[in-house]
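The lines below spell out each chain.
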Amino acid sequence: MTVADKIESLRRELEQHNYNYYVLSQPSITDFEFDAKLSELQKLEEEHPEFFDPNSPTQRVGSDISDGFNQVAHVYPMLSLGNTYSEGEVQDFYERVRKGLNEDFELVCELKYDGTSISLTYENGSLLRAVTRGDGEKGDDVTANVKTIRSIPLRLNGSFPSKFEIRGEILMPWAVFDELNRERESQEETLFANPRNAASGTLKLQNPAIVATRKLDAYLYYMLGEQLPCEKHYDNLMAARSWGFKVSDATRVCKSLNEVFEFIQYWDTERKNLPVATDGIVIKVNSLLQQKNLGFTAKSPRWAIAYKFQAEKAVTRLNSVSFQVGRTGAVTPVANLDPVQLSGTTVKRASLHNADIIAALDLHIGDMVYVEKGGEIIPKITAVDMDARILVGDKVHFIKNCPECGSELVRFESEAAHYCPNDNACPPQIKGKMEHFVSRKAMNIEGLGSETIALLYENNLLRNVADIYELKIPELSRLERLGSKSAQNIKISCEKSREVPFERVVFALGIRFVGETVAKKLAYAFTNIEALETATYDQLIAVDEIGDRIAQSVIKYFADERNVELITRLKNYGLKMALAEEKLQAAGDALKGMAIVISGTFQHHSRDEYKTIIEKHGGKNTGSVSAKTSFVLAGDNMGPEKMKKAESLGVKLMTESEFLSLIGEKNNDEAHFTGTLF
Ligand code: IVH
């Protein structure tokens, strides 16, 4: 391979990992591996300046900018830190600083919190703005979301500079993260891989009310401004703490390299007892004057460095590989291992992800494998110790048939996972469909948890979701673990579910790729089950946001006789199979031809609901304010940039209350409108 080819292939690979990490929030390699590849590319680019490319992954710091937030330029760019992985490299940093300063200096050691960074601006003691890192030069204004974080003070106490910036890390505590994933699992939503992704995903939500329920936390670690109170970083942090900021107790002034190593060693184990994720130590020069003298490279300060903890690893024997079938039919390979201690827990199983990963590892039964537990929930196998392979066991192959029902597995183009296509008769899939059907956002039938469903399935009382309506109190209460009271409650809840509106019934059917929002769109577009059942491909893709994948899936669902029979039964049990009368009525043309921007948060409907309402009334929801905007539907905490733009273009701002009157929806807002704009 030529150098040019090597550079190109590294760039492509890194771009893909950047995409997995920043866009999909699903990293597939460790930070360590990513950093190693990035330095390899950096080195090649330095040696061969003739291949310079302004768009190389080495030329950017990674962007988390998304639509829907105003972008704000950082007064001071938000840089990243150089990473080190050994005490030797920390010593090199120390030597560089010593040579650079040529005088005595102190260092401050802090924990490196593993969340998402934030820059907060305070003016006269009040939080003015909160901005994400973005591309380092400009980020998203997420003030409304950040205000929901209880550990971030909105007003300060004591004597503080009239204007300053403070930076820190927004975190989702482990306990909150575990709870959130449990809930997502029960709703069949994809899980967050780690608390970092959960925190950054949460910060980008368009609805601050949901952000508030996510119980984020924040530690602050860096102050900037023209008139900071002290000349030393540590003293400024302590001042910040006294004004009300959360500053970590794990912050130490170190006068020698030895003290730095002691700090590293102590926290390498002690961090496991913390309620939030950390991935290393940050070492900073204490004096601000010395920081200034050392200055910055293009990407990071010369006065600070990160030491990254090694992801915890263990070596153990691979005994077998089993294959689990999930609710959606996705087949996950799981490695069964000799039990081994890792991060304080005994690990016996690890995820192998998919067929490509198994092939890339060249896995054989009996291999000694490396198991890692980074920030991720499930430990994973990262490598095989080839030197330890003396007797070669059977090569691990991905299975061809479903271990639960024997059907031949399929793999969709561009997807890594294998699926069992037998969705109507494969036991875990049937049980999964039932769990989905009864879930809160679907039919909301209480008392039928996954264990009860499994019990009913094993006792042949449930074969498909329609059977739920045939359940009888005596047979239910005869089951072990289920008293007559719970049996009665299940029946009552089933009765109530007949009132669940059509759009949720469509969601409850569990048609692949038809989530809550798509179900709503389908229900409104076709208005009853017969029309949906006979909808053609062209009719389906004509619906807003419905593409080829969903259209194919809907057609496939209704082409299966068993599904049609199931729907007939559900209809006979009295479930709603058409949109309610009042929703059917044409909503009117009040907004015909109008382009409307939605900004801020609302009392009566979510932003998504307002989008639908606008469309139902003949209008169009657009993202940014322009001369073509008819008006802005302005809620609380509307972004200042949008407001400025609207004012300068003479675009009207309409309150929620005015808007509801315009479309003829009753509201008694005057009593509790809390907006500050009007
Ligand atoms: S100082 C100019 N201190 O690590 C240096 N950063 O790669 C400003 N981080 O983007 C950063 N804990 O998100 C600093 N105690 C700490 C930190 C910390 C976590 C994150 C931060 C930054 C990244 C640097």
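Residues numbered from 1 in each chain as written. Predicted model: local features only at pLDDT ≥ 70, side-chain atom pairs only at ≥ 80, totals over all residues. Heavy atoms only, no water.

Asker: In this structure, what is going on with the packing of aromatic side chains? I would like to understand it.
Answerer: For the coordinates displayed, the defined rule picks out 20 aromatic pairs. An angle of 5 degrees between the planes, with centres 4.3 Å apart, marks the rings of Tyr113 and Tyr219 as stacked. Placement of Tyr113 in strand 3 (residues 107-113) and of Tyr219 in strand 8 (residues 217-224) is noted, with a sequence separation of 106 residues between them. Accessibility expressed as a relative area gives 7% for Tyr113, which makes it buried. Accessibility expressed as a relative area gives 14% for Tyr219, which makes it buried. For the pair Phe160 and Trp243, a centre-to-centre distance of 6.3 Å together with 80 degrees between the ring planes defines the contact as edge-to-face. Here Trp243 lies in helix 8 (residues 233-243) and Phe160 lies in the loop between helix 4 (143-146) and strand 7 (163-171), a separation of 83 residues in the sequence. An aromatic cluster of three or more residues is present, and its members are Tyr122, Phe160, Phe164, Trp243 and Phe245. Above the face of the Tyr419 ring, Arg512 is positioned so that its terminal group lies 4.2 Å from the ring centre. The ring of Phe513 carries the charged tip of Arg549 above its face, separated from the ring centre by 3.9 Å. (Phe/Tyr/Trp six-rings, centres within 6.5 Å; stacked < 30°, edge-to-face > 60°. Helix = DSSP H or I, 4+ residues; strand = E, 2+ residues; numbered from the N terminus. Buried < 20%, exposed > 50% of the residue type's maximum accessible area, 1.4 Å probe, protein only. Lys NZ or Arg CZ within 6 Å of the ring centre and 35° of its normal.)

Asker: How should I be thinking about the packing of helix 3 (residues 87-101) against helix 9 (residues 257-270) in this particular structure?
Answerer: The relative placement of two packed helices is expressed as an angle between their axes plus a distance between the axes. Close contact between helix 3 and helix 9 brings their axes to 11 Å; oriented N to C, the two are set at 145 degrees. As helix 3 packs across helix 9, the resulting crossing turns out to be right-handed. For the pair helix 3 and helix 9, the contacting residues are Glu87, Val90, Gln91 and Tyr94 in the first and Leu257, Val260, Phe261, Ile264 and Gln265 in the second. Along the lines of polarity and charge, the residues of the contact of helix 3 with helix 9 split into six nonpolar, two polar and one charged. (Axes fitted to C-alpha atoms, helices over the stretch in contact; angles between N-to-C directions. Left-handed = near helix turned anticlockwise from the far one by under 90°. Contact = heavy atoms within 4.5 Å. Nonpolar A, V, L, I, M, F, W, Y, C, P; charged D, E, K, R; others polar.)

Asker: Before we go on, may I ask you to explain the pairing of strand 5 (residues 126-132) in this structure?
Answerer: Residues in a regular strand project their side chains so that they alternate between the two faces of the sheet. By the bridge criterion, six bridges tie strand 4 (residues 116-123) to strand 5 in an arrangement that is antiparallel. When the sheet's bridge partners are listed, Leu120 is paired in strand 5 with Ala130. (Pairing = 2+ DSSP bridges.)

Asker: Looking at this model, I keep getting lost on the state of the cysteines. Mind explaining?
Answerer: What we call a disulfide is simply a covalent bond connecting the sulfur atoms of a pair of cysteines. Tallied over the full model, the rule gives zero disulfides. For the unlinked cysteine Cys426, the closest cysteine sulfur is that of Cys402, found at 3.7 Å. Classification of Cys426 by relative accessible area gives buried; the value is 0%. (Disulfide = S-S within 2.5 Å.)

Asker: What is the right way to look at unusual backbone geometry in this model?
Answerer: Leave glycine aside and you will find that most residues have negative phi; peptide bonds, for their part, are mostly trans. The backbone of Asn102 shows a phi angle near 60 degrees, a positive value even though the residue is not glycine. With respect to the helices and strands, Asn102 occurs in the loop between helix 3 and strand 3. Of note in this structure, His353 is not a glycine but carries a positive phi near 65 degrees. Within the element layout of this structure, His353 appears in the loop between strand 14 (345-351) and helix 11 (355-361). The exposure class assigned to His353 is partly exposed, which follows from its relative accessible area of 41%.

Asker: Honestly, empty space enclosed by the protein in this entry has me stumped. Any pointers?
Answerer: Unoccupied space between atoms shows up once a probe the size of one water molecule is rolled over them. On inspection of all chains with the given rule, the structure shows one cavity of 30 Å³ or more. Reported here for the largest cavity is a volume of approximately 70 Å³. Residue lining of the largest cavity: Glu110, Leu111, Tyr113, Tyr219, Leu220, Tyr221, Leu237, Val247, Ser248, Ala250 and Thr251, and that is the complete set. Elements supplying a minimum of two residues to the lining of the largest cavity: strand 3 and strand 8. Along the lines of polarity and charge, the residues of the lining of the largest cavity split into eight nonpolar, two polar and one charged. (1 Å grid on protein atoms, 1.4 Å probe; cavity = no way out; pocket = protein on both sides within 12 Å on 5 of 7 lines; lining within 4 Å. Points joined across faces, edges and corners; volume = space filled by probe spheres on them.)

Asker: Help me understand the side chain of Asn145 in this model?
Answerer: For Asn145, the position within the fold is in helix 4. Overall, Asn145 belongs to the buried group, its relative accessible area being 2%. Those residues within four positions of Asn145 in sequence are excluded, and the remaining contacts are Phe69, Thr202, Leu203, Lys204, Leu205, Asn207, Pro208 and Val211.

Asker: Just checking my understanding: could you explain the sheet that holds strand 3 for this structure?
Answerer: The pairing of strands in a sheet comes from backbone hydrogen bonds and takes either a parallel or an antiparallel form. Sheet architecture is open: five strands sit in the order 2-11-10-3-9, paired in mixed fashion. Only two strands of the sheet have a single neighbouring strand rather than two, namely strand 2 (83-84) and strand 9 (251-254). Inspection of the sheet shows strand 10 (residues 278-285) paired to strand 11 (residues 304-308) by five bridges, in the antiparallel sense. Residue pairing in the sheet places Lys284 in a bridge with Ala304 of strand 11. Against the sheet, helix 9 touches strand 3, strand 9, strand 10 and strand 11, its axis set at about 20 degrees to strand 3.

Asker: Help me understand the nonpolar core in this model?
Answerer: As a rule of thumb, soluble globular proteins bury nonpolar side chains together. Formed by 56 residues in total, the largest nonpolar core has its most connected members in Phe437, Ile468, Tyr469 and Leu570. Every element with two or more residues in this core is listed here: helix 12 (427-438), helix 13 (450-458), helix 15 (484-497), helix 16 (502-508), helix 17 (516-526), helix 18 (529-533), helix 20 (548-559) and helix 21 (561-572). Discounting residues that sit within four places of it in the chain, Phe437 has contacts with Ala442, Met443, Asn444, Ile445, Val465, Ile468, Tyr469, Ala508, Leu570 and Leu575. Counting 34 residues, the second-largest nonpolar core is a separate cluster that includes Val142, Val176, Leu237 and Ala239. (Core = buried A, V, L, I, M, F, W, Y, C linked by side-chain atoms within 4.5 Å.)

Asker: Which parts of the structure should I look at to understand the site of the ligand?
Answerer: Not every one of the 14 residues close to the ligand is listed here, only the nearest: Glu110, Leu111, Glu169, Tyr221 and Lys284. One of the side-chain nitrogen or oxygen atoms of Glu169 is found 2.6 Å away from an oxygen atom of the ligand. In this structure, an oxygen atom belonging to the ligand sits 3.2 Å away from a side-chain N or O atom of Tyr221. Where the shell around the ligand is concerned, the elements lending two or more residues are strand 3, strand 8 and strand 10. Residue classes in the shell around the ligand are distributed as seven nonpolar, two polar and five charged. (Near = heavy atom within 4 Å. Polar contact = N/O pair within 3.5 Å; in protein donor to acceptor, adjacent residues only side chain to side chain.)

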